[in-house]
Each structure stands twice: as structure tokens, then as C-alpha cells.
Amino acid sequence: MSLFKARDWWSTVLGEKEEFDQGCLCVADVDNSGSGQDKVIVGSYMGYLRIFNPHPVKPGDEVQPEDLLLEVQLQEPILQVEVGKFVSGTEGLHLAVLHCRKLCVYAVSGALGNVEHGNQYQIKLMYEHNLQRTACNMTYGPFGGVKGRDLICIQSMDGMLMLFEQESYAFGRFLPGFLLPGPLAYSSRTDSFITVSSCQQVESYKYQVLAFATDADERQETEQQKLSSGKRLAVDWVLNIGEQALDICVVSFNQGISSVFVLVQEGTINTLIGNHNKMLNVYQDVTLKWATQLPHIPVSVKVANFQDLKGVIITLTDDGHLQCSYLGTDPSLFQAPKVDAREINYEEMNAEMKELQKIIKEATKPQDILPESEKQRGVTVIAEVSPDLDAESQAIESEVKAEAVPSITVKITVQSRVAAQKPNLAVCVQAPLAVTCDQFVFDDLEPDSSETVVLSVFLKGNCTPSELEGNCMFSYTIPTELNPEGIPRVAQCNFSLPLRLVCFPTQPSKAANHKLTIDTNKPPVTFLNIFPDFVDPSEGDQANALGFQFLTGSKTTLLASKTSQRYRIQSDHLEDLWLITKELTRRLEEHFKKQNCKDFACTYSGSIPLQEYFELIDRHFELRLNAEKFQELLSERAVQFRAIERRLLTRFKDKTPAPLQHLDTLLEGTFREVIALADAAEENQANMFQAFTKLKSATHLVIMLISLWQKLSTDQVAILEATFLPLTEDTQELGWEETVDAAVSYLLRTCLSKSSKEQALTLSSQLCMPKDTSRLKKNITLFCDRLAKGGRLSFSTDLTTQQAAVMPGGCATIPESDLEERTVIPGSTAVFSSHGQITKQKSKHGLSEDAAEEVKSHGT
């Protein structure tokens, strides 16, 4: 048996599924037996009152029935029990029981039994007080220095101290600055009450100050009221402890000043403190003298005297485990046998030492690293998207105003080759897409087992998504010898959703506000081969124009040139070009990959639509500014609303109320303004979400056009995406504009810098919402200009090499030999040739005259 465990002297379990707290335990000679032997009084939230007289039992024996002196069920939950001199005319001890709305004082008495069942105990109600306020806790003592009797002080949930002089109610006082009730104790030496406020301060109030302060029933709730001298409830002293207290206990000794805590000896203060680690710490003054292990977490600790054993520790848990224990050691009768002397075998010792060192080395390895065999086994997550839309749509609570909102089924299979504990599957799609169920919890998986779930994806928000992708995240733990609770592991997979989920075929449009042309190095492919799900088979190979109508109502048209290797995408909205352009390039790559064509490539030679892109940025930023204004107005109206409420409450509580002076009308008007502002803020939030979704779609499109324009590598495209798409969600605290501005500024200062002066510039370390978007738009334009002049996206620090030559995979400079080849400076109306000469733009969309003529013949 461990030396540091509390020795079980007596224990029992109280009731079934009952709850207890720190005020539910009390130790005293409640029956006034005069023997000096304490009784254990326990009350529960179920209303049961029990009184025990513990006797020592042998290990393994059950508690004797006669140890329970009394068990009675009261009508209400018991918050606290205390024993004191609560009845006038006698100095005998009585039991005070605190309920939520009642204080009852009982007399406990016992009668000698005439049969073998032993003595009989009963309680008698001496008096009770019905409380006008909900009680929290209570304390007692000789308030005001009275002799031979104890008075009771009850703290209510709203901060009122109610004082009772035994059978009669004395007065009530409100604590100043009250928010939540804290522990309450009485110090007889200073005749004051000690509590801990919500400000985490220990506060002391003199009884005399409470007695002469303004009565609680006559108090006026006015912040600026000036109370007359001698009427204001003032605190005696305050100590900031910086933490919320759980309990307070005041003890006094003749040898020293009053001190906090319990279990005292001469000249020193011993303290018992229980914690949530099932430990009971014994402190002498401020020095830890002993630590003992308890079998449970105590909510209340007391010290009692039983028969010839003094200082028994009584502990009570929140679920009713009552235990009497003591500190010390039990005598051990075991003696180690004498070991026969033998010769030392050094070879065996060396082999054993090596084995132990190997075990120690394995044990000291980082526990988050599994053996190689475990890594190879693992868990696999597979997501299968149905090739067809659901016959019956599973869309629920969709905001889309279309006639029908389709859905598609996704089947997710988890294959486990190890024992996986606490498995959990999370499925995520980017809003405005949604899933019918996004969380799945499984039972523990056995090795070589699998689980399958089915869900549906649909368009919930009334805007076109920027991505048609989803993610499955499977989390689990794998137990090991060193960590039985398991090492956390994650397996994930991505899945792509079809374009038919958010749009359907329609008649192509000839006119559009926004157009772009994608060049390829292979002959044009008929739409029947690359878009079979959108082309009517009856049209055959003759279809060179496709119309896509999104569920939100906007249209996009795709045209294929009959004579050149070009494709045009056009729409009335810039953001609607993204999904069609992405789908076109993806399907073309898959088509030529099936034909074993390895040199297929797409390029873009037009202008980057920065002006249209900047309009989307300004729209999103305008809504962010509106959100700030709404927040400020809501804050002002809320302050006004609370001020009117306080004035009305003051007038309603006044015994001689004054006229309202139209305060009720002002309150109603302010309330309507708050509701209107809240509705407007909510609508602005929805508009801002849609604007951010459109901005993400346009940003994806700009990144693709820049990568096709400058033939960027995969790593460089990743840098672009990290720069322009740093956030999945937009908030007022950290928005898209300031984040992208900081990222672009960093690239301009490092890999795209022109001189050492730019490299020496320091960026602000704090991101905050800008006043406007002029700086951001200027930096984006400069960013595209640097790329057009041969800049290379890289995080390398070798700037000399970057400026001298372009490394393989970087942005190739403009060929000097080809004078006809021109590069459009994004966002401008001029074209820079390879020698830096300015010429007029050939067409509205930055195409040469030949290319413009070829595109004109597509849809006409």
C-alpha cells in the first residue's frame, strides 16, 4: 500500500444519482449528546437529509445500519446545512437547512431504544423563514458581538444579504457592484462578513455598517444618486486575488490573528485543500507538508472527532461518495526473504543492460511517430461522386430561387487496416454549397474493417460557388504500448463535384459584357467530346457554341473557333467566367491526355481584366465599411436603450413614482430602431458573403489568366494562390483587402523588387482595415507590371540571380527577336512591345486584328 494514500476508516455511497456540493456537508454534535463525538450531516439536491455516526469497520466489511442515525426527505433541494445556536432561550445546538426559498431550523433528538434496533432519532421543526429572493448560500455567527446565540446571514442570487435574528427577520442589504454570488464567511474577531466579488476581489463588510446602511427595500437604482453620510454601504477593505474563489473559511486563535482555512494547531495554521486531481494537500502556513491520494474528487472537506480518534478527514463528492479517512501509514508485516549469495555473471549483466538501454531509447522517442509498419497500414478514405444527379433532390432549406435545386450523392468509404479508436468523419464543402450531413461518429474500428456513409451535396446559398470541391477528414487514435489512450491520426481525401450541380444547358448568347479568349496548341475539339453532358447528341459535331445558365440566373457562353485553335468564354458578369474557364481547361487536358498527347498547353494573350476585378474589390470593401457603420449604430442604440430602461426601472421602483415623461414611447421607438438596424446588418452580412464569393471566383480567374499569360510553374501558381486567396472566410477583424495587400507588398519588396531601396522598406507588422482600396489596387497593378517585365515569383534570397536571368520554370522575358509579339500591361490601355515602345491597342479585348476577326466569326 502506498504511503501517500488516504486510509479509509469508514465510507458509504449516498442514494442513487443524487447531487451534492460544498455546502451539503456539516460536522457537529448536532444531537447535543455531550460526549464530544461529532455527527456527520449531509443534505442533497434531491432533498434528502442524512445524519451519520460513523464507527470503524474492518477492511472489506460493509457499513453497519446503525451508523445511519436519521434519513428524511424534505420537500425542496437542500443548498446548505449548518449547526449552531439558532433557537432563542437555549444554548443548545440546532440544525439550519437552507432551501432555495426557505430557511428551516430543526432540533435533532434521540431516544433510547427498547429493542435491538438501537436508539431512535427524529427532527422537529422549530421555525422557518420564507424567503422573498432565491438563496445561494449562508453563514452564521454572533453578529454584533451577541453572547450565547448565533445569527444567520443568507446571500441571495441577486446580491442581497438577508440577516435573521433567530426567529425574526432583521434587515436586508444589497452588496454594491454585485454581478454573481460568491462564497460568504463571517469573522467574529472583526465582526465582518467576507466574500469574493465577480471582480475577483476579497471584500469585507462590517456588521455595523450593514445595520445602519440604506434598507434594501428602499434602495433606488440610480447610478448618479448621492447617498447621505452614514447611509451608504461601504466596503471595509478590499484585496485583489485575481482569481474566482471556491470557498472561504475564517478561523481565529488566541496565539495569532484571524486567518483563513481549517485544521489548526498551536502557533501554526494547517490547511486541507482538495483538488481535481484526487489529491488532498496539507499545508502548514504556506508550506506543503503532506500530499495524499483520495479515491475521488471532493467537493467538500471537513475535520471531525470520533470516539478516541481525533482529526478524521470527512470528504464528500458531487455524486454522493462519503468517506472518513486518516493520514499516516499502516504497519507492514512483510519481510523480504534473505537472498543467497552468488557469483556475478558480467556477460549476463552486460546483455541485460543493453536490453534495458534499448527499451529506454524506444520509450524516449517522440510518441507521435508510429513505427514504419504502422505507417504503411493506416486508414484510407475514398470518396465516390455519383455520375448522375439525384433523381429526387435532397436539397433542404435552399435559398436558391430556381424552380428545382439539384443534388448529387457522395459515397464515402473508410478502410481501416489498424485498430482505430474514437473514429470521426467530417465532410466539408465551401459555402454556398452544403451537405445533408457533415459529421459522422463511428464505433471503434477493428483491423481490416470498413465503414460507408452516403450524403448529398447541393447549392444552398443564392450565389454561384467559387469552387466545386469537397474534403473528407477522418480523425482517429491508434493505441500504443507507451500511450494506451492512443496517438491522434488524420486521414483525408478530396472530391470534385460536377458542373451540372450548379448550372444547366441553355441557348448561347451573342452579346456579353466580359469576354476572354484561351489559345491552345492543338486543333479545336468538338464540344460533343468534351462536354457530352451539356450538348444535345442530335447536334453532333456541328455544335461550336454552348450556353450555361447558373441556378442563380446568370448565363455564360462558350464558343469554339472553326478555323483556329481558340476558345472564347463570355458573360455579363466577370465572376461567372471562372467555373466555365476552369472546366474547359480541365476537360481539354483530360481529352488530350487520353490520346497520349504530352505537349498540350493553354495560353492567354489578352489583357488581364483588372478594372472589372477592381470593381468587385470596391463592392466588397464598401459592404465591409457598411458593416462597421451598422455595428457602431447598433452599439449607440443599445446604450440608449439600456439607459432608458434604467430610468424606467428607477421610476417604477419609486414608492411615489413620477410621470414617465414619454419614456415609454422613447423606449419603444429605440427598440424599433435596434430591430431595424439588426435586420439591415444581417442583410448587409448576407450581401457581403455573396460579394466575397464573387470576389473569390474573380480572383481564381485572374490567377489562371496570369499563369497562362506568363506560363508559370506549379510552384509559382501556388505562390499566387497563397497571395491572393489567403482566407476561406472574411471577417471584420481580418479581411481580404488588408491580407492581400500585405502579401503583394511582400512580393514587391522581395522577389519582384527593382532595387535595394525597395528591399530595405519595412512592412507593418499589424494588419488593420484600410480606409480605401487605392493602395491595394496600385500594388496589384504594379505586381502585374513586374511580372510582364520578366519578374520571377520565388522565395529565394538570391536576388542578383533573379535580376540577371530567369531560372527554368520562371516567368520568361519578352522575346526581343519577335517585334510583332506584344505584351499587354494589365489594367492599362497601352501595349508594351519587347523594346518598351508604346503602341495603340489593337482591339477592345487586347487581341490582334487577325485574332479579333477570327473570333467574330464564331457565333455570328
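Everything below is about the structure printed above this text.
One structure accompanies this document, and this report is about it.

What counts, and where the lines are drawn
- Residues numbered from 1 in each chain as written.
- Predicted model: local features only at pLDDT ≥ 70, side-chain atom pairs only at ≥ 80, totals over all residues.
- Heavy atoms only, no water.
- Pairing = 2+ DSSP bridges.
- Helix = DSSP H or I, 4+ residues; strand = E, 2+ residues; numbered from the N terminus.
- Axes fitted to C-alpha atoms, helices over the stretch in contact; angles between N-to-C directions.
- Contact = heavy atoms within 4.5 Å.
- Patch = residues over 30% accessible without salt bridge, like charges linked within 9 Å, V, L, I, M, F, W, Y side chains within 5 Å.
- Areas by Shrake-Rupley, 256 points an atom, 1.4 Å probe, with all protein chains shown as cover.
- Salt bridge = Lys/Arg side-chain N within 4 Å of Asp/Glu carboxyl O.
- Phe/Tyr/Trp six-rings, centres within 6.5 Å; stacked < 30°, edge-to-face > 60°.
- Buried < 20%, exposed > 50% of the residue type's maximum accessible area, 1.4 Å probe, protein only.
- Lys NZ or Arg CZ within 6 Å of the ring centre and 35° of its normal.
- Polar contact = N/O pair within 3.5 Å; in protein donor to acceptor, adjacent residues only side chain to side chain.

Quick notes on the sheet that holds strand β7 (residues 94-98)
In step 1: The strand order β6-β7-β8-β9 describes an open sheet built from 4 strands, whose pairing is antiparallel. Looking at strand neighbours, the two that pair on one side only are β6 (80-84) and β9 (120-130), the edges of this open sheet. Neighbour to neighbour, the strand axes of the sheet diverge by 25° on average, direction disregarded.
In step 2: Alignment of β7 against strand β8 (residues 102-111), held across 4 bridges, turns out to be antiparallel. Bridging across to β8, Leu95 finds its partner in Tyr106.

Topic: the sheet that holds strand β40 (residues 602-603)
In step 1: Spatial ordering of the open sheet is given by β35-β37-β38-β39-β36-β40, a layout of 6 strands whose pairing is antiparallel. Strand pairing shows two members of the sheet lacking a second neighbour, β35 (503-506) and β40, which therefore form its edges.
In step 2: Sheet topology note: the strand β37 (residues 545-550)/strand β38 (residues 555-560) ladder contains 5 bridges and is antiparallel. From the neighbouring strand, Ala545 faces β38, where its bridge partner is Leu559.
In step 3: Set on the sheet, helix α5 (residues 577-594) makes contact with β36 (514-520), β37, β38, β39 (566-571) and β40; between it and β39 the angle comes to about 160°.
In step 4: Each of β36 and β40 touches helix α7 (residues 663-710); the most contacted strand, β36, lies at about 35° to it.

What to know about a nonpolar patch on the surface
In step 1: On the surface, Trp237, Leu239 and Ile241 cluster together to form a nonpolar patch covering roughly 270 Å² of accessible area.
In step 2: Its location among the elements puts Leu239 in strand β17 (residues 237-240).

Remarks on the packing of aromatic side chains
In step 1: Evaluated as defined, the whole model comprises 19 aromatic pairs.
In step 2: When the ring of Phe527 is compared with that of Phe531, the centres are 6.1 Å apart and the planes differ by 85°; the resulting orientation is edge-to-face.
In step 3: A relative accessible area of 1% places Phe527 in the buried class.
In step 4: An aromatic cluster is present here, built from Phe143, Phe171, Tyr186, Phe193 and Tyr207 joined pairwise through their rings.
In step 5: Between Arg500 and the ring centre of Phe534, over which it is positioned, the NZ or CZ distance is 5.5 Å.

Observations regarding the environment of Glu167
In step 1: Looking at the element boundaries, Glu167 is found in the loop between β12 (160-165) and β13 (168-174).
In step 2: A residue is classified by how much of its surface remains accessible, and Glu167, at 36% relative accessible area, is partly exposed.
In step 3: Setting aside its immediate chain neighbours within four residues, Glu167 contacts Val87, Ser88, Tyr127 and His129.
In step 4: A distance of 3.0 Å separates polar atoms of two side chains, one belonging to Glu167 and the other to Ser88.

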